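# Coordinate analysis (summary)
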Amino acid sequence: LMFENKIIYDLYKSKNYIDSDYCGVLSWRFKEKTGYEGKDIISILEAEKYDSYSFLPKRCEQHKHPFSRSGFGGVLSIINEIDKAKIFQNILLHFEPTKNIWCNYWICRPEIFELYIEKYLIPVLKHFEKKENQKFLQLYEKHRGKTNYYTSITFALEGLYSFFVESEKINHGYIAPNY
């Protein structure tokens with residue numbers, strides 16, 4: 001149901017990143033969407049200016065908020081539920097990002113990875129594991145005219161890192177698309 005968030009959570013449980021300088025999970029379509037290859041990422045990380053980086057895909061400026069995308073009503077329902085449940089001190093829909101991260105193209109230091117998983121991702125996942133909240137996992141979105149439908153929770157969770165970075169005042173770099 002949660003695509004790369006399941007992989008992110010599995011990486012967290014494995015602790016295979018502990019001795020790394022940086023860790024993260026990137027889409028198999030990362031190069032197509034950002035224009036960056038592995039060697040580019042290594043060069044950026046070797047500069048070591050930030051503790052966390054997000055690689056913004058093309059068309060990232062078209063979304064003004066990490067939780068709002070036109071036609072994605074299920075995402076809004078999920079974010080409203082998170083706010084209603086008071087999982088976070090701040091209200092997600094009132095959050096005003098400096099920059100928008102609406103995908104899981106981010107890499108960070110291991111301690112930041114753990115902070116995000118433990119303080120942000122796990123509380124949301126636990127909330128939606130409860131029987132009375134599983135109806136939200138049945139909301140679907142049609143993505144960019146494709147014939148497949150994807151769970152809305154996947155798209156809602158893509159914006160969570162944006163909220164985390166700014167709420168926790170993480171030393172974070174936004175890397176523009178390489179096109």
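Residues numbered from 1 in each chain as written. Predicted model: local features only at pLDDT ≥ 70, side-chain atom pairs only at ≥ 80, totals over all residues. Heavy atoms only, no water.

## With respect to the overall build of the protein chain
The number of helices and strands found in the protein chain is seven helices and six strands. Each helix and strand of the protein chain, placed in order from N terminus to C terminus, yields the pattern α-β-α-α-β-α-β-α-β-β-α-α-β. Against the 2.2 N^0.38 benchmark of 16 Å for 179 residues, the protein chain shows a C-alpha radius of gyration of 16 Å, consistent with a compact globule. Overall, the C-alpha framework of the protein chain stretches about 45 × 35 × 30 Å when taken along its three principal axes. Counting across all 179 residues of the protein chain, residues that qualify as buried make up 49%. Taking the contacts inside the protein chain whose residues are at least 6 apart along the sequence as the reference set, 80% of them involve residues at least 24 apart. Accessible surface for the protein chain amounts to roughly 9,600 Å². Of this, 50% is attributable to carbon and sulfur atoms. Across the protein chain, 25 positive and 23 negative side-chain charges occur, with their mean positions spaced 7 Å apart. (Helix = DSSP H or I, 4+ residues; strand = E, 2+ residues; numbered from the N terminus. Rg over C-alpha atoms; globule rule 2.2 N^0.38 Å. Buried < 20%, exposed > 50% of the residue type's maximum accessible area, 1.4 Å probe, protein only. Contact = heavy atoms within 4.5 Å. Areas by Shrake-Rupley, 256 points an atom, 1.4 Å probe, with all protein chains shown as cover. Lys, Arg positive; Asp, Glu negative; His and termini not counted. Charge placed at Lys NZ, Arg CZ, Asp CG, Glu CD.)

## A short note on the packing of aromatic side chains
Scanning the model with the defined rule gives 20 aromatic pairs in all. On the basis of an interplanar angle of 80° and a centroid distance of 5.5 Å, the ring pair of F30 and F55 is categorised as edge-to-face. On the criterion of sequence distance, the pair formed by F30 in helix 2 (residues 30-34) and F55 in strand 2 (residues 52-55) is long-range, its members being 25 residues apart. Pair check on accessibility: F30 and F55 agree, each one buried. Ring centres 3.9 Å apart and planes at 0° place the aromatic pair W106 and Y161 in the stacked group. Taken as a pair, W106 in strand 3 (residues 106-108) and Y161 in helix 7 (residues 160-167) lie far apart in primary sequence, 55 residues in all. Accessibility classification places W106 together with Y161 in one group, the buried group. The ring of Y12 has K15 sitting right over it, with the charged end atom 3.9 Å from the ring centre. (Phe/Tyr/Trp six-rings, centres within 6.5 Å; stacked < 30°, edge-to-face > 60°. Lys NZ or Arg CZ within 6 Å of the ring centre and 35° of its normal.)

## So, the nonpolar core
In terms of nonpolar packing, the biggest core is built from 40 residues, with F113, Y116, L160 and Y161 touching the most fellow members. Mapped onto this core, the elements with two or more residues apiece are helix 1 (4-14), helix 4 (73-85), strand 3, helix 5 (110-129), helix 6 (152-158) and helix 7. Per element, the largest residue contribution to this core is ten residues, and it comes from helix 5. The residues contacting Y116, other than those within four sequence positions of it, are W106, L121, L157, L160, Y161 and F164. I41, Y53, C103 and I107 belong to the second largest nonpolar core, which has twelve residues in total. (Core = buried A, V, L, I, M, F, W, Y, C linked by side-chain atoms within 4.5 Å.)

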